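One-letter residues, chain by chain:
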Amino acid sequence: MAGKYFDQWNIGDTLEHEIRRTVTETDNLLFSTMTHNPQPLHLDVEAAKESGFGQILVNSTFTFSLLVGLSVGDTTLGTLVANLGFNNVTTPNPVFIGDTIRARSEVIALRPSKSRPGQGIVTFRHEAQNQKGEIVCVCERSALLNSSPA
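About the criteria used
- Residues numbered from 1 in each chain as written.
- Predicted model: local features only at pLDDT ≥ 70, side-chain atom pairs only at ≥ 80, totals over all residues.
- Heavy atoms only, no water.
- Salt bridge = Lys/Arg side-chain N within 4 Å of Asp/Glu carboxyl O.
- Helix = DSSP H or I, 4+ residues; strand = E, 2+ residues; numbered from the N terminus.
- Buried < 20%, exposed > 50% of the residue type's maximum accessible area, 1.4 Å probe, protein only.
- Phe/Tyr/Trp six-rings, centres within 6.5 Å; stacked < 30°, edge-to-face > 60°.

Trainee: Account for the pattern of salt bridges, with residues named and values stated.
Mentor: Tallying each qualifying case throughout the model produces 4 salt bridges. Glu-16 is paired through a salt bridge with Arg-104; the nearest N and O atoms lie 3.0 Å apart. In this pair, Glu-16 is assigned in strand E1 (residues 14–16) and Arg-104 in strand E4 (residues 100–112), connecting sequence segments 88 residues apart. The closest approach of N and O atoms between Lys-49 and Glu-46, which form a salt bridge, is 3.4 Å. With a gap of 3 residues between them, Lys-49 and Glu-46 both fall in helix H3 (residues 45–49), about one helical turn apart. A relative accessible area of 48% places Glu-46 in the partly exposed class.

This is the structure in structure tokens:
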């Protein structure tokens, strides 16, 4: 288990996640079609060429999901009870096929659960960057975690 328990976190803890991922055409195609998103910017090379981006734009919900996934191994793997919500999701820069995404996380809030003894809520601020250092996605994730076993 790589994740941490609720009582092992402190506000301000920051992690640079080691796992990175290069986004492929297949990633974008499968994610867009599996989620029934027919947006031509994601699927039609000719339409994408005529857009302001000039090329296929990776589905932003894939980028968001990848950001969360890159963080799980270091944050909540094996300690998570449930994700409670995602807030303030932004995608300030586009992701293109071939971009390599890396992530960092910071604990921005902690509170013991009022209704579930032995558990607590950790709020993370996750940030994804591409290979140029441009921020491509930011979100806040509230997660209900178990406390350390007695």
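Trainee: Please provide a residue-by-residue account of the environment of Pro-40, values included.
Mentor: Take Pro-40: it is sitting in helix H2 (residues 40–43). According to the relative accessible area criterion, Pro-40 is partly exposed, its value standing at 38%. In the structure, Pro-40 is positioned 16 residues away from Ile-56 in sequence and 8.5 Å away in space, judged by C-alpha atoms.

Trainee: Mind laying out the packing of aromatic side chains, listing which residues take part and the relevant values?
Mentor: Under the defined criterion, the tally for this structure stands at 4 aromatic pairs. Relative to Phe-62, the ring of Phe-31 has its centre 5.5 Å away and its plane inclined at 70°; by these criteria the two rings are edge-to-face. Taken together, the positions of Phe-31 in helix H1 (residues 25–34) and Phe-62 in helix H4 (residues 60–75) put the pair 31 residues apart, joining distant regions of the chain. Of the residues examined, Phe-31 reaches a relative accessible area of 17% and is grouped as buried. Among the residues examined, Phe-62 registers a relative accessible area of 10% and is labelled buried.

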